[in-house]
Amino acid sequence: MTAQIHVPSLLSRAGAVSALTLAALGGTMLAPGAAPEAQAATSYAGKALNIASSKKGSPYKYGASGPTRFDCSGLTLYSYKKAGKSLPRTAQQQYNKTRHISASSRQKGDLVFFHSSGRVYHVGIYAGSGKIWHSPKKGSWVKLDKIWTSKVYYGRVR
């Protein structure tokens, strides 16, 4: 017969427990200052979102990745780089590198990929409420727009 130990009651009685003991009991422990993955992801995603929004009004330029002009993937690359994460250059490459998530799982700061015929052709940063920050096309600028189609994929930067 195997004895079952309830970890929270062990912790409350002992007051403290070593990382080895906790691991042996199937628990988890974070180093001081560490954040769970979801919380950490939200931190850099939120930073990237804030950086993208700070570029409001910056003119579109094909192939540009900042700091004053951007194309769509240049804006996402720049924003995430400033937030501490690296992305490849094009929208398709960025899609290939992200963890693909459902629309119901999307969070502010996730990437929104527009696609047609199996090809990703545009990317923006999800701002919440069905909107994205993006740099859409020649003659335009970085702005907040409503997602205009259901033909989108979502990706979370790892």
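As a reminder, the structure under discussion sits directly above these lines.
Here the residue numbers are simple positions, counted from 1 along each chain's written sequence. Predicted model: local features are reported for residues with pLDDT of at least 70 only, side-chain atom pairs are reported and counted for 80 or more only, and whole-chain, interface and lining totals are derived from all residues. No hydrogens and no water enter the side-chain calculation; it runs on all heavy atoms of the structure.

(A) Seen up close, the packing of aromatic side chains. A pair of Phe, Tyr and Trp rings is counted when the ring centres sit within 6.5 Å of each other, with Trp represented by its six-membered ring. The angle between the planes then sorts it: under 30 degrees is stacked, over 60 is edge-to-face, the rest tilted. Tallied over the entire structure, the rule returns 6 aromatic pairs. On the numbers, 5.2 Å between centres and 75° between planes, the contact of tyrosine 95 with phenylalanine 113 is edge-to-face. Of this pair, tyrosine 95 sits in helix H5 (residues 91-97) while phenylalanine 113 is found in strand S2 (residues 111-116), placing the two residues 18 residues apart along the sequence. Overall, the relative accessible area of 0% leaves phenylalanine 113 in the buried class. With a centroid separation of 4.4 Å and an interplanar angle of 10°, the aromatic rings of phenylalanine 114 and tryptophan 148 are classed as stacked. Remark: tryptophan 148 occurs in the loop between strand S5 (143-146) and strand S6 (152-156) and phenylalanine 114 occurs in strand S2; sequence separation between them is 34 residues. Here's how the labels work: a residue is buried when its accessible area is under 20% of the maximum for its type, exposed when over 50%, partly exposed in between, all with a 1.4 Å probe on protein chains only. Judged by its relative accessible area of 0%, phenylalanine 114 falls in the buried class. Here, a charge over a ring means that NZ of Lys or CZ of Arg falls within 6 Å of the ring centre while also lying within 35 degrees of the ring normal. Over the aromatic face of tyrosine 44 sits the side chain of lysine 85, whose NZ or CZ is 4.6 Å from the ring centroid. Cation over ring: lysine 143 sits above tryptophan 141, and NZ or CZ is 5.1 Å from the ring centre. Secondary structure follows DSSP: runs of H or I at least 4 residues long count as helices, runs of E at least 2 residues long count as strands, and numbering of each begins at the N terminus.

(B) Quick peek at the nonpolar core. Judged by nonpolar contacts, the single largest core of 24 residues is most densely connected at Tyr80, Leu111, Phe113, Val123, Ile125, Trp133 and Val157. Counting only elements with at least two residues in this core, the list comes to helix H3 (37-54), helix H4 (72-83), H5, S2 and strand S3 (119-128). With 6 residues, the single largest contributor to this core is H3. Phenylalanine 113 has contacts with Ala91, Gln94, Tyr95, Thr98, Val120, His122, Val123, Lys151, Val152, Tyr153, Tyr154 and Gly155, leaving out every residue within four places of it along the chain. Think of a nonpolar core as a cluster: buried Ala, Val, Leu, Ile, Met, Phe, Trp, Tyr and Cys residues, connected wherever their side-chain atoms sit within 4.5 Å. One finds Phe114, Tyr126, Ile147 and Val152 within the second-largest nonpolar core, a separate group that totals 8 residues. Contacts are residue-level and defined by heavy atoms, with any inter-residue pair within 4.5 Å sufficient.

(C) Quick look at unusual backbone geometry. The step from glycine 66 to proline 67 runs through a cis peptide bond, and the omega angle for that step is 5°. Its place among the elements puts proline 67 in the loop between H3 and H4. Even without being glycine, serine 117 reaches a positive phi, approximately 50°. You can see serine 117 is positioned in the loop between S2 and S3. Even without being a glycine, serine 129 presents a positive backbone phi close to 55°. With respect to the secondary-structure elements, serine 129 resides in the loop between S3 and strand S4 (131-134).

(D) Geometry of the pattern of salt bridges. Salt bridges, as used here, are contacts in which a Lys or Arg side-chain nitrogen is within 4 Å of a carboxyl oxygen on Asp or Glu. In this structure the tally under the stated criterion is 2 salt bridges. For the salt bridge of arginine 89 with aspartate 71, the shortest nitrogen-to-oxygen distance reads 3.1 Å. Linking arginine 89 in the loop between H4 and H5 with aspartate 71 in the loop between H3 and H4, this pair joins segments that are 18 residues apart in sequence. The partner of arginine 156 in a salt bridge is aspartate 110, with the nearest N and O atoms 2.8 Å apart. Within this pair, whereas arginine 156 is found in strand S6, its partner aspartate 110 is found in the loop between strand S1 (99-101) and S2, the two being separated by 46 residues in sequence. Neither residue differs from the other here; arginine 156 and aspartate 110 are each classed as buried.

(E) Broad picture of the pairing of S6. Across the 5 residues of S6, 4 count as buried, placing the element largely inside the fold. Think of it this way: DSSP has to see at least two bridges between two strands before they count as a pair. Across 3 bridges, the pairing between S1 and S6 is antiparallel. Across the sheet, isoleucine 101 pairs through a bridge with tyrosine 154, a residue of S6. As paired elements, S2 and S6 share 4 bridges and run antiparallel to each other. Directly across from valine 112, in S6, lies its bridge partner tyrosine 154.

By themselves, these observations are geometric and do not establish any function.
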